[in-house]
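Commentary on secondary and tertiary structure
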Amino acid sequence: MTATSLPQQTPSPHEPRPPEGRGHMIRRRALTLLIIVLLIGIPAGYLVISANQSRDSGRNKEEKYAARGLTPDWPSRVQRRLYHVPIPPGSKKVAYYETNNWRTSRLYAQFRTSDDGLDTFLKSIGTSRAALEKDDFPISARHRNIVDWDFTGPGPWSGLTRARTNPTPTLDMVVNWSKPGRPMVFVVSRTTP
């Protein structure tokens, strides 16, 4: 007679389990901790990083729009196109300030350029150097005060107004010629949407 193997019996649920070994317990707890970190820690970390980025972005925007006076930087391409202020490449001392209200939007811009740069700028706004009038200051005292422009320094000075119908912006411009070959240009572009 051949011996047949008996099927292995599973322990009865009422029988006590053998005690868990220390190494097995440490591995089980480490695995549980890892799962908790993955399920809770990573999303929580992501939320903290996201919240900080959002707060920083809001602060940057708040600082930008709360700024008073000129910002020493180039206006964005959209602003230059919208306000028809094509600042020539290679210009120095570029600064701008934008104001908006329900009636009128304005861009205040200044830059130092070359004689050729000025001619290019004037041509691109539809005028020429011949239109500049000596000792003409079309930028009002109110607008000068907004950005602290002072037109009492050494000159000569000249200016012009490039009036256009809405929504195309009207430009008031003053040029300081105190540095030969490097005119300083001050522009206020205003549009009524």
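First, a word on scope: everything that follows refers to the structure included in this document. What you see is a predicted model; the values in this text were computed from it and never measured. (Residues numbered from 1 in each chain as written. Predicted model: local features only at pLDDT ≥ 70, side-chain atom pairs only at ≥ 80, totals over all residues. Heavy atoms only, no water.)

1. Thoughts on the overall build of the chain
For clarity, the threshold we go by: Secondary structure elements follow DSSP: runs of H or I no shorter than four residues count as helices, runs of E no shorter than two count as strands, and numbering proceeds from the N terminus. Between buried and exposed lies partly exposed: a residue is buried under 20% and exposed over 50% of the maximum accessible area for its type, with that area taken using a 1.4 Å probe on protein chains only. For this analysis, residues touch if any pair of their heavy atoms sits within 4.5 Å. Only the protein chains shown count as cover for residues, and the accessible areas themselves come from Shrake-Rupley with a 1.4 Å probe.
Helix and strand content of the chain: four helices and six strands. Beginning at the N terminus, the succession of helices and strands in the chain can be written as α-α-β-β-α-β-α-β-β-β. Counting every position in the chain, which comprises 193 residues, the buried fraction comes to 28%. Long-range pairs, those at least 24 residues apart, make up 52% of the contacts in the chain between residues at least 6 apart in sequence. Taken as a whole, the chain presents about 13600 Å² of accessible surface, with 56% of it coming from carbon and sulfur.

2. Digging into the nonpolar core
In plain terms, the rule: Definition of nonpolar core: a set of buried residues of the types Ala, Val, Leu, Ile, Met, Phe, Trp, Tyr and Cys, connected through side-chain atoms within 4.5 Å.
Val-85, Phe-111, Phe-121, Leu-122, Met-173, Val-185 and Val-187 are the most contacted members of the largest nonpolar core, which totals 19 residues. Ignoring any residue separated from it by four or fewer positions in sequence, one finds Phe-121 in contact with Val-85, Pro-86, Pro-88, Phe-111, Met-173, Val-185 and Val-187. If you look at the next biggest cluster of nonpolar residues, it comprises eleven residues, including Ile-139, Trp-157, Met-184 and Val-188.

3. Looking at the sheet that holds strand β2 (residues 105-112)
Stated formally: Two strands make a pair as long as DSSP finds a minimum of two bridges between them.
Strand order in the open sheet formed by six strands is β1-β2-β6-β5-β4-β3, with antiparallel pairing between adjacent strands. Because the sheet does not close on itself, it has two edges, and the strands there are β1 (92-100) and β3 (133-134). In the sheet, β2 pairs with strand β6 (residues 184-191) via eight bridges, with the strands oriented antiparallel. Residue pairing in the sheet places Arg-112 in a bridge with Met-184 of β6.

4. Notes on helix α3 (residues 115-124)
Because an α-helix packs 3.6 residues into every turn, residues spaced three or four apart end up facing the same way. Put simply, the rule reads: Our arc is simply the arc of the directions from the helix axis toward the C-beta atoms.
If you check which residues of α3 are buried, you get Gly-117, Leu-118, Phe-121 and Leu-122. Each buried residue of α3 sits inside an arc of 135° when the element is viewed along its axis, so together they form one side. The exposed set on the far side of α3, more than 90 degrees from its buried face, consists of Asp-116 and Lys-123. One or two steps after α3, the chain reaches Gly-126, where phi turns positive at roughly 85°.

5. Here we look at the pairing of strand β4 (residues 157-162)
Regular strands show a simple pattern: their side chains alternate between the two faces of the sheet. Where β3 lies against β4, two bridges are found, and the strand directions are antiparallel. Paired with Glu-133 across the two strands is Gly-159, which belongs to β4. Relative to strand β5 (residues 170-176), β4 is paired through six bridges, and the arrangement is antiparallel. Paired with Gly-159 across the strands is Val-174, a residue of β5.

On their own, these measurements won't tell you what the molecule is for.
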